[in-house]
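Each chain, written out:
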Amino acid sequence: MQILRHSEQTLKTALISKNPVLVSQYEKLDAGEQRLMNEAFQPASDLFGPITLHSPDWITSHPEAPQDFEQFFNKRSIYIQSIGSLGNTRIISEEYIKWLTGYCKAYFYGLRVKLLEPVPVSATRCSFRVNENTQNLQIHAGDILKFLKKKKPEDAFCIVGVTMIDLYPRDSWNFVFGQASLTDGIPFLALLLEASST
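Residues numbered from 1 in each chain as written. Predicted model: local features only at pLDDT ≥ 70, side-chain atom pairs only at ≥ 80, totals over all residues. Heavy atoms only, no water.

In the nomenclature of an unreviewed UniProt entry, the chain is known as Archaemetzincin-2 of Theropithecus gelada. UniProt, in its Cofactor (unreviewed entry) section for the chain, records the words "Zn(2+)". The Function (unreviewed entry) comment attached to the chain in UniProt states, word for word, "Probable zinc metalloprotease." (UniProt positions renumbered as here; feature names shortened; annotations may be inferred.)

Shown next as structure tokens:
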């Protein structure tokens, strides 16, 4: 069993920012919210108390570069990349994207949602097949993840790929609804969702 304890100075270094946007957001907090934030820097605070690790956790088993709040704050954008047509008409495609954008803004409050220019499937250079059971065209989800990783902007919290085309992760699978990659130190490096069911 391991106990992790961070010093008051470590917390201040990680959480205090001179970024004018962050400072102005702090100043907009009411007195109770500011008091809660200030408690984090008190040695007796329960907010950032010692953490007892009973078994190996994600951080210890997947080492990654440390990130302070300033660095996290600068990665505040969710990018949406549509791949192929999302409907029979451009209007339907735009409605799907408008719905998804609104959902992301509401659910991931505080993050910006940005749309990338739609791309045809051919631009991804992904593998594809025709499913022998459904006769539907399917694109390889892993190849799409590689494509999205290359397109991921510097300020991205994540990039979300959306398509109406059936997906498959490997030849032995019939289909998959989506696939994600968590290997670059960000909760969602790339997420590929299929907007239709098979």
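## Re the overall build of the chain
Along the backbone of the chain there are 7 helices and 10 strands. Burial statistics for the chain: of 198 residues in total, 33% are counted as buried. As presented, the chain carries roughly 13300 Å² of accessible surface, and 58% of it is formed by carbon and sulfur atoms. (Helix = DSSP H or I, 4+ residues; strand = E, 2+ residues; numbered from the N terminus. Buried < 20%, exposed > 50% of the residue type's maximum accessible area, 1.4 Å probe, protein only. Areas by Shrake-Rupley, 256 points an atom, 1.4 Å probe, with all protein chains shown as cover.)

## Here's the deal with the packing of aromatic side chains
Scanning the entire structure with this criterion turns up 4 aromatic pairs. Ring geometry for Trp-99 versus Tyr-103: centroids 6.2 Å apart, planes at 20 degrees, classification stacked. Here the residue Trp-99 and the residue Tyr-103 both occupy positions in helix H6 (residues 90-107), the gap between them amounting to 4 residues, near one helical turn. Judged by relative accessible area, which is 61%, Trp-99 ranks as exposed. With a relative accessible area of 45%, Tyr-103 lands in the partly exposed category. (Phe/Tyr/Trp six-rings, centres within 6.5 Å; stacked < 30°, edge-to-face > 60°.)

## Considering H6
Compared with the 26 Å implied by 1.5 Å per residue over 18 residues, the 26 Å span of H6 between its first and last C-alpha is a close match. Burial in H6 covers these residues: Ser-93, Ile-97, Leu-100, Thr-101 and Cys-104. All buried residues of H6 project into a common sector of 105 degrees when viewed along the axis, lining one side. Summarising the geometry of H6, the exposed residues directed more than 90 degrees from the buried face are Ile-91, Lys-98, Trp-99 and Ala-106. (Expected span 1.5 Å × (residues − 1). Arc of directions from axis to C-beta.)

## Let's talk about the nonpolar core
Core analysis: the largest hydrophobic core is formed by 15 residues, its most contacted members being Tyr-79, Ile-83, Ile-139, Ile-144, Leu-148, Ile-159 and Leu-167. Secondary structure elements with two or more residues in this core: helix H7 (141-151) and strand S7 (156-163). Within the second largest apolar cluster, 12 residues are counted, among which are Leu-86, Cys-104, Leu-111 and Cys-158. (Core = buried A, V, L, I, M, F, W, Y, C linked by side-chain atoms within 4.5 Å.)

## Quick word on the sheet that holds strand S6 (residues 137-140)
Read across the sheet, 3 strands follow the order S5-S6-S8 without closing on themselves; strand pairing throughout is mixed. With partners counted over all chains shown, the strands left at the sheet margins are strand S5 (128-130) and strand S8 (166-168), one partner each. On average, each strand axis in the sheet is inclined to that of its neighbour by 35 degrees, with strand direction left out of account. Those strands touched by H7 are S6 and S8, and its axis lies near 50 degrees from that of S6. (Pairing = 2+ DSSP bridges. Axes fitted to C-alpha atoms, helices over the stretch in contact; angles between N-to-C directions. Contact = heavy atoms within 4.5 Å.)

## Examining the pairing of strand S3 (residues 77-82)
Of all 6 residues that make up S3, 6 are buried, and the element is covered over most of its length. Along S3, one buried face is formed by Ser-77, Tyr-79 and Gln-81 and the opposite face, lined by Ile-78, Ile-80 and Ser-82, is buried too. Relative to strand S4 (residues 112-115), S3 runs parallel, the two sharing 4 bridges. Residue Tyr-79 lies in a different strand from S4, and its bridge partner there is Lys-114.

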